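Summary of the model geometry
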Amino acid sequence: MDIFFFGVFNCKADAKGRVMLPVALRNQMAPVLKDGFFIKKAYYSDCLELYPAYEWNRVMSELNQKSRFDEENLDFIRMYTAGLRQIEVDANGRLLIPKDVIGMVGITKEIVIAPIGKHLEIWDKDTYEKAITATKEEKKALAKRVMSSNKNVDNVS
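What counts, and at which threshold
Residues numbered from 1 in each chain as written. Predicted model: local features only at pLDDT ≥ 70, side-chain atom pairs only at ≥ 80, totals over all residues. Heavy atoms only, no water. Pairing = 2+ DSSP bridges. Helix = DSSP H or I, 4+ residues; strand = E, 2+ residues; numbered from the N terminus. Axes fitted to C-alpha atoms, helices over the stretch in contact; angles between N-to-C directions. Contact = heavy atoms within 4.5 Å. Buried < 20%, exposed > 50% of the residue type's maximum accessible area, 1.4 Å probe, protein only. Expected span 1.5 Å × (residues − 1). Arc of directions from axis to C-beta. Phe/Tyr/Trp six-rings, centres within 6.5 Å; stacked < 30°, edge-to-face > 60°. pLDDT = per-residue confidence, 0-100.

Time to look at the sheet that holds strand 8 (residues 119-124). Working definition: the strands of a sheet are paired by backbone hydrogen bonds and lie parallel or antiparallel to each other. Strand order in the open sheet made by the 6 strands is 1-7-8-4-3-5, with antiparallel pairing throughout. Of all the strands in the sheet, the pair left with one neighbour each is strand 1 (9-12) and strand 5 (85-87). Here the strands of the sheet are splayed against their neighbours by 30° on average, with no regard to which way each runs. One ladder, built from 3 bridges, connects strand 3 (residues 37-41) with strand 5; its direction is antiparallel. Residue pairing for strand 5: Phe38 is matched across the bridge by Gln86. Most of the contacts of helix 2 (residues 53-64) go to strand 4 (residues 48-52), to which it runs at about 105°, and overall it touches strand 3 and strand 4.

The following block contains the structure:
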């Protein structure tokens, strides 16, 4: 079952790392709630990534195809999975994020949960706002680079 998350959600984390998930997000998560989630620090950004268990298992299946006899592969997998934890949404609709995981990305009280396709990113609000800030020209240039890279260069029609 593939779920593509949508919507950006502003939430608060309490001192114990509990985040009350908005009803609209819980509704999107409903089909996968019983299977749980995996959370880890993002590889490139100062945020956390929250994967439904089925999607995390797909990611790990892909990584597991890499040779374990290649030191570079092992280094990457080790760094990519650093801080990985399995977590659940409790009966009250809260996500409990371990304090050491929260500390990896400097999340304070105000957080943003933003979709990236089949998983969610969890950001400190200020860090998120800085990450998505760009001038109109920077946005145009980024869109052109990213979206034009999907063109089939062999297609001459």
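This part covers the pairing of strand 3. Burial analysis of strand 3 places 4 of its 5 residues in the buried class, which makes it a mostly covered element. Across 5 bridges, strand 3 lies against strand 4 in antiparallel orientation. Residue pairing in the sheet places Phe37 in a bridge with Pro52 of strand 4. Turn length for the strand 3-strand 4 hairpin, with the two strands adjacent in sequence and antiparallel, is 6 residues.

By secondary structure assignment, the location of Arg94 is in strand 6 (residues 94-96). As for Arg94 and Pro22, which are separated by 72 residues in sequence, their C-alpha atoms are 9.1 Å apart.

Compared with an ideal rise of 1.5 Å per residue, which puts 12 residues at 16 Å, helix 2 spans 16 Å between its outermost C-alpha atoms and is within 8% of the ideal. Within helix 2, the full set of buried residues consists of Ala53, Glu55, Trp56, Val59 and Leu63. Within helix 2, the buried residues cover an arc of 160° as seen down the axis, which keeps them to one side. Buried residues along helix 2 sit against strand 3, strand 4 and helix 3 (71-80).

Attention now goes to the packing of aromatic side chains. Taken as a whole, this structure holds 8 aromatic pairs when the rule is applied. Aromatic pair Tyr43 and Phe76: ring centres 5.1 Å apart, planes at 65°, arrangement edge-to-face. Of this pair, Tyr43 sits in the loop between strand 3 and strand 4 while Phe76 sits in helix 3, placing them 33 residues apart in sequence. According to the relative accessible area criterion, Tyr43 is partly exposed, its value standing at 32%. Its relative accessible area of 30% is what places Phe76 among the partly exposed residues. Connected via pairs of aromatic rings, a cluster forms that spans Phe38, Tyr43, Tyr44, Tyr51, Trp56, Phe76 and Tyr80.

This brings us to the confidence of the model for the protein. This prediction gives the protein a mean pLDDT of 91; 94% of its residues lie at or above 70. Note that residues 153-157 has pLDDT below 50 and, in this model, 0 contacts with residues that lie over four places away or in other chains.

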